[in-house]
Amino acid sequence: MTELATYSSLASLLEGRLMEWEKARKPQEQKLLECYQDVMRIPRDDDTQGTGAARARKAKPLFIGSTRNKVRAARAKINDALFGNGQMPFDTKPTNEQLAPLADVVEDIITEQMERGGFKEMLRTGVNTLATYGTGFIFGPFVRTEKLIETSAEMAGPSISIKEVEYEFDLPYFELGNTLDVYPDPEARNIRTGLGCFWVTMESPQTVGAWKADPNYKNIAQALQAPGDNGNETGSERAVQMRGNVDYWFKNERIKVARFFGKVPRSRLSDEAVDGNSSEPGAAATDLVDAIIIMAGGVVVKVAEMPYSGKSPTHRCLYEAVEHEIWGVGVAENNAPHQKVTNAAFRLFMEGKGMALLGTSSVDRSKFLPTENFIKFPGKVYQMKPGLTPDERQAAIIQHVEADITGGWIEVIRMSEQFSDDDTAITKYTQGDDSRNLNKTASGISMIMSASSLPMKEVIQNIDSMWIEPIVECYIDWNLKYLEPETVEKIHGKEAAEKWKAIKQFGKSSFMDWQATGTSSFMQKEVLTNKIRAFSEFALANPLTAAKIDVTELLNQTWDVMEIGRESPILDENNPKPGAALPPEVQQKMQELEGQVQELKQGLEEAAKEHAEQEAKLAKADIALKREQALSDIKEAKASLDERALQLSSQLTPEAIQELVLMTLRDAMQPQMPEAMEPEPPMEQMEQLPEMAEPMPEQFEPPGMLEPEQMPEQPAEAGFFTPEEGPEAPL
């Protein structure tokens, strides 16, 4: 970077340009201020101008955040497309696979520089600037000194000493300028073709004074000294004070600092031009040189030629480009009509609703004391004149009912919202609104979101081409010129330093290409992902089509459209990628785990089989136990019956004995029978039962009964024999 001298003629030239460009930017500045007020919800006198509605008085401070919501939705959607995958929004690609390691080193270096320089946070803020003002400016690369601290431990006998070593290195970085503080060439249609632009800020004297430590700055003492400080100013300085230019560079104990990036005549930068002895009188108008000039307090404190010929350090980006204009259009400007209509409609809605709810009143002041002010509040006590009748008191204040006519304003707001969605391309879906009047079908929602994504895609394309790609190119150019392999070794390691040394010796970046990934990421998220998901569901849902699909290839394509700049984690068993196979130790461990799983599975099957066998044995034992219990109960009942029969045989007749035995036997056997056995049928049904194939067991026969062949023949009308008539002796 070639340092040049500083001259008052150069300061005069730049001061004239700055004043002229500030004046030319006034109309655009008014638009920018209105956009800022809409986003920040700051009421103003003309925030309902052009709506045709009367100006509301009481509800004037109300400001609905319609523009603010639109800007927030656009900012979130764009930032998600740029940084949704967690990476910097650019990618490098080598011209052939042999050069891939070199391209990867360049990408790693730039990524680390972006992270250290706060590029991600700056770009996020820049997206908000674009949505608010429609135009954003990033300046750079600038250079600042960074420190890298290395901590190491050394063994000195039994003791350990810990040391820290600082390593200083230069870091390129970029700064986002406030759009309200940037004044480009008003006659230019592009930054590169114009004379340049100013970036103006108000700095404290302490900030300007700190530049004395930098040898690249000069005349700092003059910059800190305002005209008239010493009381011995010259006539020209007094003339400057009379014109009011003192306040132009000094205001509220702050100093105006103007950074100029653009073209100036070479004659203003040469010693011959100051003395008036220039060998080329027409050089001032024809020979221009790109320079970076900083003015503070009207004094030039730094001048340097552009380090890269043909490349401007001013990077302009537009949210929505306007043909042949240097300024773009943002969300706030597109939503300005809706913001005004919403403010007017809502304010009148609130006043109308207040009139309808609170009502109005008629008052007869003659019935009240002169001190009554008629201001209503909770607990109000009216000061009426004494001696009024109840009817006079009731007629003193008459309440009127106002009609509620606010419903029409709601329809006005809804209609305005539809036009706002069309103008800004930020629909209610992107704002998280699920209003009932929106489309409820999946296909309808998809169509609306796809339509709203087209304008957003154009915005991301502008960010890619106007900001990200030029900034990456600036990083590459600066690194090739200034970045040393020693610094790369400290940050990225020895292997990366060796590769960077080879790249630096080559001196060019023609071995690779680089591109911004914002647009591709956005399209993948919004379109490609949905398409490939729909195809996967269609193809894999049907067994006939699923058999014809290469699932691995389908997964690879899905990964390609969802992740940018990363290696696919999908394993292909037929054609594994280098490094995709698992290490032998891991494979052995997996085989051991599979064997253990098989052993556990066999053990569970054997345990289940043993459990089933034990359950069967317990069931059989339970049945046998119940049978033995039943037989034991029958034997006890039989013994009890035999004993009772012996006791009653001497007192009862044979017929009574016979009937008693049968009844006792039935009562004893009925509750003791197993659940599987059916109860004995009644006596009247015994004759209808079929002849049993086998005789009744002895334990089931009534005691004292004779076998059939032993029973004596009896007459048809005869009953049992009495003891005296029986052929046998009495029992």
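Residues numbered from 1 in each chain as written. Predicted model: local features only at pLDDT ≥ 70, side-chain atom pairs only at ≥ 80, totals over all residues. Heavy atoms only, no water.

Asks: Which residues make up the side chain of T314, and what values do they have?
Replies: Within the secondary structure, T314 is located in strand 10 (residues 314-318). Residues in contact with T314, not counting those within four places in the same chain, are F137, I138, F139, I191, C197 and F261. (Helix = DSSP H or I, 4+ residues; strand = E, 2+ residues; numbered from the N terminus. Contact = heavy atoms within 4.5 Å.)

Asks: So what about empty space enclosed by the protein? Which residues, and what values?
Replies: In this structure the tally under the stated criterion is five cavities of 30 Å³ or more. Approximately 70 Å³ is the volume found for the second largest cavity. Around the second largest cavity sit I109, E112, Q113, F169, D170, L171, L483, T487, V488, I491 and H492, which together line it. Broken down by element, the residue count for the lining of the second largest cavity peaks at four residues, all from helix 17 (residues 485-492). (1 Å grid on protein atoms, 1.4 Å probe; cavity = no way out; pocket = protein on both sides within 12 Å on 5 of 7 lines; lining within 4 Å. Points joined across faces, edges and corners; volume = space filled by probe spheres on them.)

Asks: Account for the pairing of strand 3 (residues 159-177), with residues named and values stated.
Replies: Of the strand pairs in this sheet, strand 2 (residues 135-156) and strand 3 are connected by 18 bridges, and their pairing is antiparallel. Each residue of the ladder has a partner; that of T151, found in strand 3, is E164. In this antiparallel pair of consecutive strands, strand 2 and strand 3, the connection spans two residues, and G157 shows a positive phi of 70 degrees. (Pairing = 2+ DSSP bridges.)

Asks: Break down the environment of K60 for me, with residues and values.
Replies: Looking at the element boundaries, K60 is found in the loop between helix 2 (26-40) and helix 3 (66-83). A relative accessible area of 31% means that K60 is categorised as partly exposed. Considered as a pair, K60 and R44 are 16 residues apart in the sequence and their alpha carbons are 8.8 Å apart. (Buried < 20%, exposed > 50% of the residue type's maximum accessible area, 1.4 Å probe, protein only.)

Asks: Explain the packing of aromatic side chains residue by residue, including any values.
Replies: According to the stated counting rule, one finds 17 aromatic pairs in the structure shown. Summarising the aromatic geometry, the rings of W21 and F260 are spaced 6.4 Å apart at their centres and angled 45 degrees between planes, so their arrangement reads as tilted. Taken together, the residues W21 in helix 1 (residues 8-24) and F260 in strand 7 (residues 254-265) connect sequence positions 239 residues apart. Here W21 falls in the buried class, since its relative accessible area comes to 5%. The exposure class assigned to F260 is buried, which follows from its relative accessible area of 0%. Summarising the aromatic geometry, the rings of F142 and Y173 are spaced 5.9 Å apart at their centres and angled 55 degrees between planes, so their arrangement reads as tilted. Taken together, the positions of F142 in strand 2 and Y173 in strand 3 put the pair 31 residues apart, joining distant regions of the chain. With a relative accessible area of 14%, Y173 lands in the buried category. Above the ring of W199, the side-chain terminus of R259 is found at 4.9 Å from the ring centroid. Directly above the aromatic system of Y382 lies the positively charged group of K380, at a separation of 5.4 Å from the ring centroid. (Phe/Tyr/Trp six-rings, centres within 6.5 Å; stacked < 30°, edge-to-face > 60°. Lys NZ or Arg CZ within 6 Å of the ring centre and 35° of its normal.)

Asks: Which residues make up the pattern of salt bridges, and what values go with them?
Replies: Between side chains of opposite charge, a pair can form when the charged atoms approach closely. One pass over the full model with this rule turns up 21 salt bridges. Here R266 makes a salt bridge to E305, at a shortest N to O gap of 3.9 Å. Of this pair, R266 sits in the loop between strand 7 and helix 10 (271-275) while E305 sits in strand 9 (residues 299-305), and the two are 39 residues apart along the sequence. Its relative accessible area of 22% is what places E305 among the partly exposed residues. The residue K311 makes a salt bridge to E473 at a minimum N-O spacing of 3.0 Å. Here E473 lies in helix 16 (residues 442-482) and K311 lies in the loop between strand 9 and strand 10, a separation of 162 residues in the sequence. A relative accessible area of 30% means that K311 is categorised as partly exposed. The network of salt bridges with shared partners includes D38, R44 and D46. (Salt bridge = Lys/Arg side-chain N within 4 Å of Asp/Glu carboxyl O.)

Asks: Break down the nonpolar core for me, with residues and values.
Replies: One finds I78, L82, Y319 and I463 to be the most contacted residues of the largest nonpolar core, which totals 53 residues. Going through the elements one at a time, helix 2, helix 3, helix 4 (100-116), helix 5 (119-133), helix 12 (331-334), helix 16, helix 18 (494-506) and strand 13 (512-516) are the ones with two or more residues in this core. Element by element, the count of residues in this core is highest for helix 16, at 13 residues. (Core = buried A, V, L, I, M, F, W, Y, C linked by side-chain atoms within 4.5 Å.)

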